[in-house]
Amino acid sequence: MLRGGSSVLGIVNFITFLISIPILGGGIWLASRANSTDCIRFLQWPIIIVGLVLMVVSLMGFAGACYRQTWLLRLYLFAMFFVVLALLFFIVFAFAVTDRGDGQVVMNRRFLEYQLSDYSGWLRERVADPQYWATISACLRDGHACSGMRRFARDPNTGMLVPEPPEMFYARNLSPIQSGCCKPPSSCAFTYNNETYWTPNPGVPMISDPDCNRWSNDQQTLCFQCDSCKAGVLAGIKKSWRKVAILNIVVLIILVIVYVAGCAAFRNAKRIDNDEPIGMARMTKSQPSRFQF
């Protein structure tokens with residue numbers, strides 16, 4: 001039977017358990033995206049770990065409140081403090097590694113173009129590492145990241161379905177993966193045949209962009225080895241991490257409030273256990289100093 005501060009502390013821990021659910025859900029959401037698009041499997045683990053730890057810690061605090069185990073409550077508050085620090089570190093880290101890099105607007109194109117030179121820091125080095133990129137590009141191929149690009153339009157003369165014309169393709173809002181990995185960069189000025197089949201234009205001189213030579217109409221190759229593909233992956237990472245980081249900011253604010261309330265409830269529970277009236281002043285010196293703390 002809970003009473004006084006213990007009941008408040010039990011409610012507080014139940015709230016923290018509920019808070020851990022969206023954190024864990026954010027990590028699972030990133031994991032599900034990694035299996036189909038970004039193929040970045042290291043993204044979700046910090047979030048999943050924080051969510052699981054918070055869930056275990058909140059259950060530990062709830063059990064301590066139910067069974068009035070002071071040592072367990074102390075351990076709960078100690079562990080919760082480090083969970084708050086870990087969550088704060090992840091938020092700062094997420095914004096720090098995604099502070100640079102945006103898609104570039106191209107004339108007569110609705111979709112954005114992505115360049116690896118726009119990104120820098122730890123995240124770019126991680127993605128661009130040859131060994132790690134081999135895993136990512138293989139995952140993109142095996143996951144058929146470009147298979148959803150194919151669209152058809154009805155020919156007004158024959159009434160048959162044919163690949164959509166270039167003007168319709170250029171008006172599409174492609175994802176960073178589709179723009180960077182499934183087509184050549186617009187600067188190459190290749191001739192459009194369909195979404196994933198392009199041919200060099202003999203009348204246009206080749207520019208110095210190495211991605212123009214890396215492009216292949218082989219559906220297993222496309223632009224998966226292009227720097228633009230790596231930039232597209234980084235753009236997808238940035239978008240995903242920013243969403244989760246914003247969610248974690250809200251969770252962090254709530255968690256700090258819950259932690260402060262938990263500390264206050266724990267102090268009240270100790271007073272009740274000692275049969276002390278709340279707010280009782282206890283003199284510890286025969287001649288107290290002028291300043292009271």
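Above: the structure in question.
Not measured: the values here are computed from a predicted model.

Undergrad: Kindly report on the nonpolar core, identifying the contributing residues and their values.
TA: Leu140, Phe169 and Val233 are the most contacted members of the largest nonpolar core, which totals 41 residues. Of the residues forming this core, the biggest block, nine residues, is contributed by helix H9 (residues 227–273). If you look at the next biggest cluster of nonpolar residues, it comprises 23 residues, including Leu72, Leu77, Val84 and Leu87.

Undergrad: Requested: an account of unusual backbone geometry, with residues and values cited.
TA: In this model, alanine 189 sits at a positive phi of 55°, which is unusual for a non-glycine residue. Within the secondary structure, alanine 189 is located in the loop between helix H7 (176–181) and strand E5 (191–194). Using a relative accessible area of 29% as the deciding quantity, one classes alanine 189 as partly exposed. One non-glycine residue, leucine 222, adopts positive backbone phi at about 45°. With respect to the element layout, leucine 222 can be found in the loop between helix H8 (211–214) and H9.

Undergrad: Outline the packing of aromatic side chains, listing residues and values.
TA: This model, assessed by the stated rule, comprises 12 aromatic pairs. Here the aromatic rings of phenylalanine 93 and tryptophan 122 are separated by 5.3 Å at their centres, their planes lie at 65°, and the arrangement is edge-to-face. Linking phenylalanine 93 in helix H3 (residues 70–97) with tryptophan 122 in helix H4 (residues 122–128), this pair joins segments that are 29 residues apart in sequence. Geometry around tyrosine 170 places arginine 109 over its ring, the cationic atom sitting 3.7 Å from the centre. Taking NZ or CZ as reference, arginine 126 lies 4.4 Å from the ring centre of tyrosine 132, over its face.

Each value, and the rule that gives it
Residues numbered from 1 in each chain as written. Predicted model: local features only at pLDDT ≥ 70, side-chain atom pairs only at ≥ 80, totals over all residues. Heavy atoms only, no water. Core = buried A, V, L, I, M, F, W, Y, C linked by side-chain atoms within 4.5 Å. Buried < 20%, exposed > 50% of the residue type's maximum accessible area, 1.4 Å probe, protein only. Helix = DSSP H or I, 4+ residues; strand = E, 2+ residues; numbered from the N terminus. Phe/Tyr/Trp six-rings, centres within 6.5 Å; stacked < 30°, edge-to-face > 60°. Lys NZ or Arg CZ within 6 Å of the ring centre and 35° of its normal.

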